[in-house]
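So the chains spell out like this:
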Amino acid sequence: MSGKRSGVTRREMVSGAVAFAGMAAAPGLAAAKQASSPLDTHDAMGLAQLVRDRQVSPAELLDAAIGKAEALNPRFNFMAQKHYDYGRAAIANGLPEGPFRGVPWLLKDLNTYIAGLKTENGSRFFRGYRPEVTSELVRRIEKSGFVIFGKTCVPELGLTGTTENKITGDTRNPWNPAHIAGGSSGGAAAAVAAGVLPAAHATDGGGSIRIPASCCGLFGLKPSRGRVPMGPPRTEGWGGLSVHHAVTRSVRDSAAILDATQGPEPGSRYAAPTPCESFLSQVGKAPGKLRIALMLDAPAGSPVDPECVEAARKAAHLCESLGHRVEEAAPKLDMAAIGAATFVLIASNVAADMLDRSKVTGIAIGPDVLEPITLGFVAYGQKTTGMDFARANNTLQAAALTMARFMADYDVILSPTVAAPPLLLGRINLSPDVGFEQWGARTGGFSPFTQIENLTGQPAMSVPLAMSATGLPIGVMFVGRYGDEATLFRLGGQLEAAAPWKDRRPPI
């Protein structure tokens, strides 16, 4: 193609891709500052528009993303599986005319399947596992035009708020490699923060979208329970605690991706209410005067870093300046009972899955294949009874009712996303230097705000509104009523316009 175009030209794009693809780790990092590509300047919707306008081809975008991944992964360790040939074959076979046609995409390496390609769940116990099914979510992602070229790192089975494991190693935060990128979608967040791509698949069973979004300075929305398909082979994760979506740079990408993936799948036990309008159409709409509850204290009473409290307070002042009504208020929840019930559900599911895996493979469960904290979950789960599970489920349903009653008076709850800036590596991994109970206190103390929305099924978003004094991102969380992602997208778009973060990038 010839002629002058706005943005980056194809020649510049290809030059950048070639520069990345031919670099070893250290030279690649140096070149990353100089090589220019649309990946540096566009969100996913922007990249798709470049493809539609024929300013760049899907193959060129994929080569650029692979080049960046190869250059930056040695430093930040976000790639668990490399499916480069799969992505190239998808382009060669012809991409569907979806809203994201030609945009590179990474799946999370956790219970999300492409038949025949490895998914190892961050665990030695699943080394080399190749599923026989393709996830419904993958089908919808590909139908929208995304080009899958790999899977991102996770902690073992997604069980903690940092992405460190014994099969792929430690995922590091692009803002400071000594610190965590969050978990369990830390590989996805690190890849997006590092500029490999503008959005990536993520899941959330206790904060696993919002925690890494906060740690890496991204937008991360956890959808309502039942909004996005989970199967096959099952349509529910951790008894309904877990959901799928993405971490993104822009609010509009998050909304458009949810439009492309939401809706019930065959065999769904339940589904979130069908929206009246597209989620994308909500971004840019005025949210009206919202009633916002400001919750600054951790629900279970653990300490919250002053910088995180201040970030939430400043977000509240910003909301007031935008015309919203903010007052300090919090639901009254029995967090001891809720925490115990949540542990029963998760441990029971983990134990059942690991015992089934052992039966299929003939491999004994033990420290050679599972990390110490995971073994603790398995041991506890084996002791639980059917009545324990039923009572735990009843406790969480009662908590959801309490939250629903509280939110009859409020449109949104505002709080810190996590209770501290990103921790140093090694503090909350699954092979700790402390006992199981102390590990639990550490993990719960770092992310005391995010678990509630998983047990109630509510949507929640972490918005990158603040930075610590040491240059690390701090997210602020907004929680909506069940099924009401629309209000969050309207508010998220308003905050993005009032306090833009798109040009805030880590100093790689």
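Structure first, text after, so check above.
Residues numbered from 1 in each chain as written. Predicted model: local features only at pLDDT ≥ 70, side-chain atom pairs only at ≥ 80, totals over all residues. Heavy atoms only, no water.

Draft legend 1. Broad picture of the overall build of the protein. A tally of regular secondary structure across the protein gives 16 helices and 15 strands. Its C-alpha atoms give the protein a radius of gyration of 21 Å, within 12% of the compact-globule value 23 Å for 508 residues. For the C-alpha atoms alone, the extent of the protein along its principal axes is close to 70 × 60 × 45 Å. Residue burial in the protein is summarised as follows: out of 508 residues, 60% are buried. (Helix = DSSP H or I, 4+ residues; strand = E, 2+ residues; numbered from the N terminus. Rg over C-alpha atoms; globule rule 2.2 N^0.38 Å. Buried < 20%, exposed > 50% of the residue type's maximum accessible area, 1.4 Å probe, protein only.)

Draft legend 2. Examining the nonpolar core more closely. Counting residues in each nonpolar core, the largest one holds 134 residues, and the members touching the most others are F78, W105, F149, V350, L414 and F478. The leading source of residues in this core is helix α11 (residues 335-361), at 10 residues. Grouped together as the second largest cluster of nonpolar side chains are 9 residues, I180, C215, L423 and I428 included. (Core = buried A, V, L, I, M, F, W, Y, C linked by side-chain atoms within 4.5 Å.)

Draft legend 3. Looking closely at the packing of helix α9 (residues 251-261) against helix α16 (residues 485-498). Running from N to C, α9 and α16 cross one another at 155 degrees; their axes reach a closest spacing of 9 Å. Considering the angle they form, α9 stands roughly antiparallel to α16. Classified by chirality, the crossing of α16 by α9 is left-handed. Residues V251, S254, A255 and L258 of α9 form the contact with α16, whose participating residues are E485, F489, G492, G493 and E496. A per-class count over the contact of α9 with α16 returns 4 nonpolar, 3 polar and 2 charged. (Axes fitted to C-alpha atoms, helices over the stretch in contact; angles between N-to-C directions. Parallel < 35°, antiparallel > 145°, perpendicular 65-115°, else oblique. Left-handed = near helix turned anticlockwise from the far one by under 90°. Contact = heavy atoms within 4.5 Å. Nonpolar A, V, L, I, M, F, W, Y, C, P; charged D, E, K, R; others polar.)

Draft legend 4. Spatial organisation of the sheet that holds strand β8 (residues 199-204). Overall, mixed pairing links the 8 strands, which are arranged β8-β10-β9-β14-β15-β13-β11-β12 in an open sheet. What marks the edges here is a single partner per strand, and that holds for β8 and β12 (325-328). The mean inter-strand angle of the sheet, taken between neighbouring strand axes irrespective of direction, is 25 degrees. Pairing geometry for strand β11 (residues 291-294) and strand β13 (residues 412-416), over 3 bridges, is parallel. Its bridge partner lying in β13, L294 is registered against L414. Sheet strands touched by helix α10 (residues 306-321): β11, β12, β13, β14 (460-467) and β15 (473-480). Its angle to β15, the strand with the most contacts, is close to 55 degrees. (Pairing = 2+ DSSP bridges.)

Draft legend 5. Spatial organisation of the pairing of strand β9 (residues 219-222). Residues F219 and L221 line one face of β9 and the alternating positions G220 and K222 line the opposite face, and both faces are buried. When β9 meets strand β10 (residues 243-248), the two strands line up antiparallel, connected through 3 bridges. Paired with G220 across the bridge in β10 is V247.

Draft legend 6. Structural context of the environment of T203. With respect to the helices and strands, the residue T203 is situated in strand β8. Residues T203 and A188, spaced 15 residues apart in sequence, show a C-alpha to C-alpha distance of 9.8 Å. For T203, the contacting residues outside a window of four places in its chain are K108, L110, S184, S185, S208, I209, V243 and H244. Within the structure, T203 has its side chain in polar contact with the side chain of K108 (distance 2.6 Å). (Polar contact = N/O pair within 3.5 Å; in protein donor to acceptor, adjacent residues only side chain to side chain.)

Draft legend 7. Representation of helix α6 (residues 136-143) in the model. Inspection of α6 places E136, L137, V138, R140 and I141 among the buried residues, and these make up the whole buried set. Where α6 ends, the next residue or the one after it, G145, has phi of about 105 degrees, a positive value.

Draft legend 8. Main features of the pattern of salt bridges. Scanning all chains against the criterion turns up 17 salt bridges. The partner of D43 in a salt bridge is R252, with the nearest N and O atoms 2.7 Å apart. Placement of D43 in the loop between α2 (25-32) and α3 (44-52) and of R252 in helix α9 is noted, with a sequence separation of 209 residues between them. R481 serves as the salt-bridge partner of D411, at 3.4 Å between the closest nitrogen and oxygen. Taken together, the residues D411 in the loop between α13 (386-406) and β13 and R481 in the loop between β15 and α16 connect sequence positions 70 residues apart. (Salt bridge = Lys/Arg side-chain N within 4 Å of Asp/Glu carboxyl O.)

Draft legend 9. How the structure looks around the side chain of Q282. Inspection of the secondary structure puts Q282 in the loop between α9 and β11. Apart from residues lying up to four places away in sequence, Q282 is in contact with E277, A486, F489 and R490.

Draft legend 10. Representation of the environment of A419 in the model. Tracing the chain through its elements places A419 in the loop between β13 and α14 (436-446). Under the relative-accessibility criterion, A419 is labelled buried at 4%. Residues A419 and A486 lie 67 residues apart in sequence; the distance between their C-alpha atoms is 27 Å.

Draft legend 11. Highlighting unusual backbone geometry. The peptide bond linking G183 to S184 adopts the cis configuration, its omega dihedral lying at 5 degrees. Turning to its location among the elements, S184 is positioned in the loop between β7 (176-180) and α7 (186-193). In this model, P232 is joined to P233 through a cis peptide bond whose omega is 10 degrees. Mapped onto the secondary structure, P233 falls in the loop between β9 and β10. Unlike most non-glycine residues, N121 shows phi in positive territory, near 55 degrees. Looking at the secondary structure, you find N121 in the loop between β2 (104-108) and α6.

Draft legend 12. Highlighting the side chain of S250. By the element assignment, S250 lies in the loop between β10 and α9. With a relative accessible area of 8%, S250 lands in the buried category. Non-local contacts of S250, meaning those with residues more than four positions away in its chain, are made with D43, F219 and E496.

Draft legend 13. Region of the structure containing the packing of α11 against helix α12 (residues 372-383). Remark: α11 packs on α12, axes separated minimally by 7 Å, with the N-to-C direction vectors making an angle of 100 degrees. Classified by the interaxial angle, the pair formed by α11 and α12 is roughly perpendicular. Here α11 contributes F343, V344, I346, A347, S348, V350, A351, M354 and L355 to the contact with α12, which in turn contributes F377, V378, Y380, G381 and Q382. Here the residues of the contact of α11 with α12 are counted per class, giving 11 nonpolar, 3 polar and no charged.

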